[in-house]
Protein chains: 2
Amino acid sequence: MKLKKTLPPPTFSDNQTLNIDLQMCFALYSASLSMTKAYKPLLAELKLTYPQYLVLLVLWEKDAVTVNSLGERLFSDSGTLTPLLKRLEKLGFIQRQRSAEDERKVIVSLTKEGKQLQKQAASVPVQISCNTGCSLAELLLLNEQLISLRTALIKNSIKT
Amino acid sequence: MKLKKTLPPPTFSDNQTLNIDLQMCFALYSASLSMTKAYKPLLAELKLTYPQYLVLLVLWEKDAVTVNSLGERLFSDSGTLTPLLKRLEKLGFIQRQRSAEDERKVIVSLTKEGKQLQKQAASVPVQISCNTGCSLAELLLLNEQLISLRTALIKNSIKT
DNA sequence: CACAATTAAATTGTGTACAATATTTTATAT
DNA sequence: ATATAAAATATTGTACACAATTTAATTGTG
């Protein structure tokens, strides 16, 4: 059994403990919303929302996966994914079909239209990365920092 | 008129352009959701959601402000804030009242209960910062990086 | 085999996020 | 002074995010 390693609380002077400007949490939250807004007009041309685009990113990497495995990849669950996938299906980009071997599972796969969309989508992240004003090195560093932050939060946070 | 300064697109090898793991955008998105989930059980004890907590953070800094000024501070608008503020009012933490001088404006101010909540909330960000597994220096650095990312995205992104 | 436990999705209900529109009040320009 | 524009908030409609519950299929156990 591994020991759980948590750092001691960083100490702020009392006045600043709740200062919103100093709180990385709010910076994270507002930066994430700004990012989604930045994607919106670009993805709108493909008739996609940002979460729908994320699902397609996963499928473009590996087609025909279950709802569960999509959820693990995207840190999401069926409560979010099921209605989202139904919308993607209605748009004609994916198919949802029960697995023949295990009828509990639903296999999500790309349609021809969904596959074709990948080419059009290729320029989207490039355009966004320009808007960040960050260099490639900065983007990669930030990516790693955010992934380890996410990992730590998932590991150390109590589940209700 | 200032020249708009945007960096040239970072170049990825073609195969990796759409790799979800390499996309800082997804790391940002998923880390932000993880952060909100980490806050959830702590804020639930105060009967607050994370966006409601953000509103109170602003009010604890400066009480009695308009919906607009709250929105500027939180990068949000009346479409989001109005229903949220109504819930906070129903919970008894804030008051909403039309300004006497300018009846278009709504002044949001803390109730006694809302002010008292600040003491109970003090331990929340401390607990969260432990869960991040980051040192104070790392948190401050990440905070700055995210703020400049947000600033760049707001400046450089086209609006619809 | 029977039946409880587990697993996979779907459903329900609450709370944002946000674009688009509406409403009300104030400011401005003839 | 009156129409017009602008400003501040509210409303409407769509799309998540997520906890909690439900439904259906499969697995494990006696």
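Before any of the text, the structure's been laid out above.
This section reports on the structure supplied with the text. All values derive from a computational prediction rather than experimental measurement.

As enumerated under the stated definition, the model contains 10 aromatic pairs over all chains in all. Measuring from ring centre to ring centre gives 5.2 Å for Y29(A) and Y50(B), while their planes differ by 75 degrees; the resulting arrangement is edge-to-face. Placement of Y29(A) in helix 1 (residues 24-44) and of Y50(B) in helix 2 (residues 50-61) is noted, with the two residues assigned to different chains. One exposure class covers both Y29(A) and Y50(B), and it is buried. Here the aromatic rings of Y50(B) and Y53(B) are separated by 6.1 Å at their centres, their planes lie at 35 degrees, and the arrangement is tilted. Linking Y50(B) with Y53(B), this pair stays in helix 2, spanning three residues, or about one helical turn. Of the two residues, Y50(B) and Y53(B), both sit in the buried class.

Looking now at the sheet that holds strand 3 (residues 106-110) of chain B. Residue and element names in this part refer to chain B. Pairing is antiparallel in the open sheet, where three strands are placed in the order 1-3-2. Both outer strands of the open sheet, strand 1 (65-66) and strand 2 (94-98), are each paired with one neighbouring strand and no more. Where strand 2 meets strand 3, five bridges bridge the pair, whose relative direction is antiparallel. Looking at strand 3, one finds that Q95 is bridged to S109. Its contacts with the sheet put helix 2 on strand 1, strand 2 and strand 3, and the angle it makes with strand 3 is roughly 85 degrees.

Looking now at the interface of chain A and chain B. Between chain A and chain B, the residue contacts involve 72 residues of the former and 72 residues of the latter. The contact between chain A and chain B buries some 6,500 Å² in all, and 71% of this surface belongs to carbon and sulfur atoms. Summed over the shared surface of chain A and chain B, the number is zero salt bridges. The interface formed by chain A and chain B holds seven residue pairs in polar contact (both at pLDDT 80 or more) in total.

Taken together, 27 residues lie near DNA strand C, and Y29(A), K86(A), R96(A), T49(B) and Q52(B) sit nearest. Counted by atom, the contact set of DNA strand C within 4 Å of the protein is 78% sugar and phosphate. Contacts to DNA strand C include K86(A), whose side-chain N or O atom sits 2.6 Å from a phosphate oxygen. Interatomic distance of 3.1 Å between a side-chain N/O atom of R104(A) and a base oxygen of DNA strand C. Broken down by secondary-structure element, the contributors of at least two residues to the surface near DNA strand C are helix 1, helix 3 (67-74), helix 4 (78-90) and strand 2 (94-98) of chain A together with helix 2 and helix 4 (78-90) of chain B. Across the surface near DNA strand C, the residue classes tally to six nonpolar, nine polar and 12 charged.

Each of the two chain copies goes to the other by way of a rotation about an axis and a shift along it. The two copies are related by a screw operation: chain A maps onto chain B through 180 degrees of rotation and 0.0 Å of translation along the axis, at an RMSD of 0.1 Å. In the structure described here, the two chain copies are related by an operation that fits a two-fold rotation axis. No C-alpha of chain A approaches the rotation axis more nearly than that of S32(A), which lies at 3.3 Å.

Here the focus is the pattern of salt bridges. Residue and element names in this part refer to chain A. The final tally for this structure, using the stated rule, is six salt bridges over all chains. A salt bridge links D102 to R104; the nearest nitrogen and oxygen atoms lie 2.8 Å apart. On the basis of relative accessibility, which here comes to 18%, the residue D102 falls in the buried class. Under the relative-accessibility criterion, R104 is labelled exposed at 70%.

To continue, consider the sheet that holds strand 3 (residues 106-110) of chain A. Sheet architecture is open: three strands sit in the order 1-3-2 (chain A), paired in antiparallel fashion. Among the strands making up the open sheet, the edge pair consists of strand 1 (65-66) and strand 2 of chain A.

Here the focus is the protein's contact with DNA strand D. Lining the immediate surroundings of DNA strand D are 27 residues, of which Y29(B), S78(B), T82(B), K86(B) and R96(B) lie closest. Each atom of DNA strand D within 4 Å of the protein was classed as base or backbone; sugar and phosphate made up 79%. Here a phosphate oxygen of DNA strand D sits 3.2 Å away from a polar atom, N or O, in the main chain of E103(A). Between DNA strand D and the protein, one listed contact pairs a phosphate oxygen with a side-chain N or O atom of T82(B) at 2.7 Å. Those elements that place two or more of their residues in the surface near DNA strand D are helix 2 (50-61) and helix 4 of chain A together with helix 1 (24-44), helix 3 (67-74), helix 4 and strand 2 of chain B. Split into classes, the residues belonging to the surface near DNA strand D amount to six nonpolar, nine polar and 12 charged.

What counts, and at which threshold
- Residues numbered from 1 in each chain as written.
- Chains lettered and ligands numbered in written order.
- Predicted model: local features only at pLDDT ≥ 70, side-chain atom pairs only at ≥ 80, totals over all residues.
- Heavy atoms only, no water.
- Phe/Tyr/Trp six-rings, centres within 6.5 Å; stacked < 30°, edge-to-face > 60°.
- Helix = DSSP H or I, 4+ residues; strand = E, 2+ residues; numbered from the N terminus.
- Buried < 20%, exposed > 50% of the residue type's maximum accessible area, 1.4 Å probe, protein only.
- Pairing = 2+ DSSP bridges.
- Contact = heavy atoms within 4.5 Å.
- Axes fitted to C-alpha atoms, helices over the stretch in contact; angles between N-to-C directions.
- Buried area = accessible area lost by both parts, 1.4 Å probe.
- Salt bridge = Lys/Arg side-chain N within 4 Å of Asp/Glu carboxyl O.
- Polar contact = N/O pair within 3.5 Å; in protein donor to acceptor, adjacent residues only side chain to side chain.
- Near = heavy atom within 4 Å.
- Nonpolar A, V, L, I, M, F, W, Y, C, P; charged D, E, K, R; others polar.
- Least-squares fit on C-alpha atoms with pLDDT ≥ 70 in both.

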